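Next come the chains, spelled out residue by residue.
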Amino acid sequence: MIFAKELGATLRACLADDPRVVLLGEDIADPYGGAFKVTRGLSTDFPDRVRTTPISEGAIAGVSAGLALAGYRPIAEIMFGDFLTLTFDQVVNHITKYEAMYAGQAHCPVILRAPSGGHRGYGPTHSQSLEKHFLGVPHLRVVAASLVHDPRRIFAELLQQTSPALYVEHKLLYPENLTLAENGRIGGLLASEHSSPGALPSVFLSAVPRERCTVTVLAYGYQAALAARVVERLALEDEIFAELVVPSQLAPMDWDPVERSVSATGSLVTVEEGTAGWSWGTEAAAVISRRLFQRLRRPVEIVASDSDIVPSSKLKESSMLVGADRIDAAVRVAAA
Amino acid sequence: MAVVQGVLDERLTGYARESRNERLYRRMRFIRRFEETLLSLFDQGELNGTTHACIGQEADAVAVMEHLRDGDHVFSNHRCHGHYLAQSGDAVGLLAEIMGKDAGVCRGLGGSQHICAPGFKSNGVQGGIVPAAAGIALANQLSGSDAISVVFIGDGTLGEGAVYETLNIAALWRLPLLVVCEDNAWAQSTPVSANLAGSMRHRFEAFGIPVREIDSTDVLELDDAAAEEIQELRRTGGPRVLLIHTYRLCHHSKNDDDRPAAEVEARWLVEPLVVHGKRLTDTERQAIDDSVEAAISDVVTTAKGLA
């Protein structure tokens, strides 16, 4: 089943299993069912708890905050991740503050879902990956959808927590099939999972066992799907062996799986679609350089999109955004 | 009224045996003296950070809280002491909090503007508390409760977009939300005339929300208005607005008052304790003042002694 439907089924199960779950968002009700159709069918079956809102992202986040403070489990869709900027006051000064500044006397477990990312020609304000601006906000969990993580498990875990979360969904994942590990494999790659206590799982993917890999690639979301193809192709065509680490949780980051992999490979490439600088990759470089300074053969290679707007023109967009070619080039350099 | 944080001092919250007039006067006097005491503790260097006193606006808090019950929720703002004290009576917990002590109502983490107790929360960022209060109202509506959610804002808050996003949603969904807008004429140092175009009332009415507008510092008038609005909110659903034109007699936070002295002086003649105090005899008033004074002094001693 394609990811959009898997996610819709996940949200349906959340609504069915937990009467505290409420979905809010712009145009999420039937028959439209959301800009990306993730919530299609849900408002028909749960009319009170699946609510289309006015175009008011700040209030969507704020009303969600109140619901959560009152014991409900709001899951709000921000139609385009670009519009997360309009929720920033709620996220930074309200939602993530309450539990801590009230000394644990209140909880505000809001989940914001945000269809994000480019490669669809939507232009400067409908194509961004803005999650980097939310990384490092104290008490906020930032989680990225990918094809190797079952959204059912992710949402089950998030609904167990009292902390708020931002769940970013790259738009290009929606029409793709979820590819979960079966018998230790995903497609042509070996697959295994690592879960540190209290953290969401990371998935390892490689053509050969880790000991034979000479580089670790750290990627999430849609970029992880691109990176998996690069890893597979480099192994087949050039006998360059890389281990791909795909975390589901970006912040707080569980560095343990990354550390394990880089300890064996001695080299790290990070991949993200967000713009370059002050990013997930630069944080990874800082942390891994510090922890594994003696084990690294070379500086951490950071692959990110240009520090620029995302152009509308398909041609210009693909040259500005990270694509498989940039990942390929970086992995070749870092594997040496 | 929710009762929190241990034993309440009836010298501050009122006695069952005393008249309504005495009780309301006592509760306002409590807030006034708490705030004045805080300001002097600041002057003595006992407190750090800042505080926003509600001196002159005590009647609003006291009147509204008279009509709330267990299960109702109050969201307040940076100027939250009066609201919190009227709702909970918890002077020791609040003072300890402002003193940064572990025994404070939020263990000293929140301080003056960030208070949480059963049925009460405050946050110091303008506007963003309004959708949160609406979310609490939505929770009440979803769970079939007749509890209401009250949010206190000021004239200055009307500059924030989150307010209007929320009014729209609250009206569309008929949320049991009471917005109490305390127009104290000044947003920090900026007068309403330089801050607000058009009419406050029309801003709410544009969303089809009923507005009860009252220009008064008389606790009895405010009490009647609050009673009717809250009763109506419970009966018919919401939202509703109680728009109170009042006046802040003190500075915005500390030592930041450039308002015309004559304007402030004139308002001291019609402040809530003067207006309502006339309904008591000198003896009655003095007895309450003395008992509040002794209780506040005990609060300070107790809070200072806490860890």
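This one's a predicted model, so the numbers in the text were calculated from it and none came from an experiment.

1. Some thoughts on the overall build of chain B
The helix and strand inventory of chain B stands at twelve helices and nine strands. The buried share of chain B, reckoned over its 307 residues, is 60%. Excluding contacts between residues fewer than 6 apart, the proportion of contacts in chain B whose partners are at least 24 apart in sequence is 74%. Of the accessible surface of chain B, which amounts to about 11,200 Å², a share of 48% is contributed by carbon and sulfur atoms. Of the side-chain charges in chain B, 29 are positive and 44 negative, and the distance between the mean point of each set is 2 Å.

2. Focus on the packing of helix α3 (residues 58-65) of chain B against helix α4 (residues 81-88) of chain B
Residues and elements named next belong to chain B. Interaxial distance between α3 and α4 falls to 9 Å at its minimum, and their mutual angle equals 35°. The handedness of the crossing between α3 and α4 is right-handed. Where α3 abuts α4, its residues A61, V62 and M65 lie against G82, H83, A86 and Q87. The residue inventory of the contact of α3 with α4, partitioned by class, reads four nonpolar, three polar and no charged.

3. Topic: the interface of chain A and chain B
Between chain A and chain B, the contact holds 29 residues from the first and 31 residues from the second. Summed over the three residues of chain A that lose the most area to chain B, namely R51(A), M101(A) and Y102(A), the buried surface amounts to 23% of that side. If you look at where chain A meets chain B, you find zero salt bridges. One can count nine residue pairs in polar contact (both at pLDDT 80 or more) joining chain A with chain B.

4. Details of the packing of aromatic side chains
Scanning the model with the defined rule gives eleven aromatic pairs over all chains in all. With a centroid separation of 5.6 Å and an interplanar angle of 50°, the aromatic rings of F80(A) and F83(A) are classed as tilted. Of the two residues, F80(A) and F83(A), neither departs from the other in class, the shared state being buried. Its end group placed over the ring of Y32(A), K37(A) keeps NZ or CZ at 3.6 Å from the ring centre. It is R51(A) that lies over the ring of W173(B); its NZ or CZ is 4.7 Å from the centre.

5. As for the sheet that holds strand β11 (residues 242-247) of chain A
Residues and elements named next belong to chain A. Read from one edge of the open sheet, seven strands run β7-β8-β9-β11-β10-β13-β14, paired in mixed fashion. This sheet does not close on itself; its edge strands, each paired only once, are β7 (185-186) and β14 (301-305). Two strands pair when backbone bridges link them, and strand β10 (residues 215-219) and strand β13 (residues 268-275) are joined in this way by four bridges, in the parallel orientation. Looking across to β13, one finds that V217 is bridged to V269. Along the sheet, helix α7 (residues 221-238) makes contact with β8 (189-194), β9 (202-206), β10, β11 and β13, crossing β11 at roughly 165°.

6. Overview of the pairing of strand β4 (residues 149-154) of chain B
All names here are of chain B. Of all the six residues making up β4, six are buried; the element is thus mostly covered by neighbouring parts of the structure. Side chains S149, V151 and I153 of β4 all project onto a buried face; the interleaved residues V150, F152 and G154 project onto the opposite face, where all are buried too. Two strands pair when backbone bridges link them, and strand β1 (residues 73-76) and β4 are joined in this way by three bridges, in the parallel orientation. Paired with H73 across the bridge in β4 is S149. Each parallel crossover has a hand, and the one from β4 via helix α7 (residues 161-172) to strand β5 (residues 177-183) is right-handed.

7. Describing the domain arrangement of chain A
Residues and elements named next belong to chain A. Annotation of chain A at the domain level lists domain 1 (3-173) and domain 2 (185-335). If you look at the interface, domain 1 gives 32 residues, while domain 2 gives 37 residues. Put simply, domain 1 and domain 2 have one salt bridge between them. With its nearest N and O atoms 3.0 Å apart, the salt bridge here joins R153 to E193.

8. Section: the packing of helix α3 (residues 57-69) of chain A against helix α6 (residues 129-142) of chain B
Look at α3(A) against α6(B): their axes get within 6 Å of each other, and the N-to-C directions meet at 55°. Judged on the interaxial angle alone, α6(B) and α3(A) are oblique. Helix-helix and strand crossings are classified by hand; for α3(A) and α6(B) the assignment is right-handed. Along the contact surface, α3(A) presents A59(A), G62(A), V63(A), G66(A) and L67(A), while α6(B) presents P131(B), A132(B), A134(B), G135(B), I136(B), L138(B), A139(B) and L142(B). Taken together, the residues that form the contact of α3(A) with α6(B) break down as ten nonpolar, three polar and no charged.

9. Description of the side chain of H73(B)
Residue and element names in this part refer to chain B. Within the secondary structure, H73 is located in strand β1. A distance of 3.0 Å separates polar atoms of two side chains, one belonging to H73 and the other to K121. Excluding its chain neighbours within four sequence positions, the residues that come into contact with H73 are G119, F120, K121, I136, I148, S149 and V150.

10. Here's the deal with the pairing of β14(A)
Residues and elements named next belong to chain A. Relative to β14, β13 runs parallel, the two sharing four bridges. Counted as the bridge partner of V269 is E301 from β14. Of the crossover connections in this fold, the one passing from β13 over helix α9 (residues 280-291) to the parallel β14 is right-handed.

11. Observations concerning the nonpolar core
One finds L205(A) and F75(B) to be the most contacted residues of the largest nonpolar core, which totals 205 residues. Two domains each provide a minimum of three residues to this core, namely domain 1 (3-173) and domain 2 (185-335) of chain A. Once residues lying within four places of it in the same chain are set aside, the contact partners of L205(A) are V148(A), I186(A), L189(A), L190(A), A191(A), A228(A), A242(A), E243(A), L244(A) and V246(A). Listed in part, the eight residues of the second largest apolar core include L39(B), Y247(B), C250(B) and V264(B).

12. Some details on the environment of V333(A)
Residues and elements named next belong to chain A. Within the secondary structure layout, V333 lies in helix α11 (residues 324-335). The class of V333 is partly exposed, set by a relative accessible area of 44%. C-alpha of V333 to C-alpha of E301: the two residues are 32 residues apart in sequence and 8.6 Å apart in space. Sequence-distant contacts of V333, that is, excluding residues within four places in its chain, are made with R298 and E301.

13. Points about the pattern of salt bridges
All names here are of chain B. Here the structure, examined in full by the defined rule, presents 40 salt bridges over all chains. Between E232 and R235 there is a salt bridge, with the nearest N and O atoms lying 2.7 Å from each other. Placement of both E232 and R235 in helix α9 (residues 219-236) is noted, with a separation of three residues, approximately one turn of the helix. Under the relative-accessibility criterion, R235 is labelled exposed at 62%.

14. Regarding the environment of A68(A)
All names here are of chain A. Of note, A68 is situated in helix α3. For A68 and I111, which are 43 residues apart along the polypeptide, the C-alpha to C-alpha distance reads 9.4 Å. Residues in contact with A68, not counting those within four places in the same chain, are P74, H107, C108, P109 and V110.

Rules behind the numbers
Residues numbered from 1 in each chain as written. Chains lettered and ligands numbered in written order. Predicted model: local features only at pLDDT ≥ 70, side-chain atom pairs only at ≥ 80, totals over all residues. Heavy atoms only, no water. Helix = DSSP H or I, 4+ residues; strand = E, 2+ residues; numbered from the N terminus. Buried < 20%, exposed > 50% of the residue type's maximum accessible area, 1.4 Å probe, protein only. Contact = heavy atoms within 4.5 Å. Areas by Shrake-Rupley, 256 points an atom, 1.4 Å probe, with all protein chains shown as cover. Lys, Arg positive; Asp, Glu negative; His and termini not counted. Charge placed at Lys NZ, Arg CZ, Asp CG, Glu CD. Axes fitted to C-alpha atoms, helices over the stretch in contact; angles between N-to-C directions. Left-handed = near helix turned anticlockwise from the far one by under 90°. Nonpolar A, V, L, I, M, F, W, Y, C, P; charged D, E, K, R; others polar. Buried area = accessible area lost by both parts, 1.4 Å probe. Salt bridge = Lys/Arg side-chain N within 4 Å of Asp/Glu carboxyl O. Polar contact = N/O pair within 3.5 Å; in protein donor to acceptor, adjacent residues only side chain to side chain. Phe/Tyr/Trp six-rings, centres within 6.5 Å; stacked < 30°, edge-to-face > 60°. Lys NZ or Arg CZ within 6 Å of the ring centre and 35° of its normal. Pairing = 2+ DSSP bridges. Right-handed = clockwise from strand over helix to strand, strands pointing away. Domains from an automatic or database assignment. Parallel < 35°, antiparallel > 145°, perpendicular 65-115°, else oblique. Core = buried A, V, L, I, M, F, W, Y, C linked by side-chain atoms within 4.5 Å.

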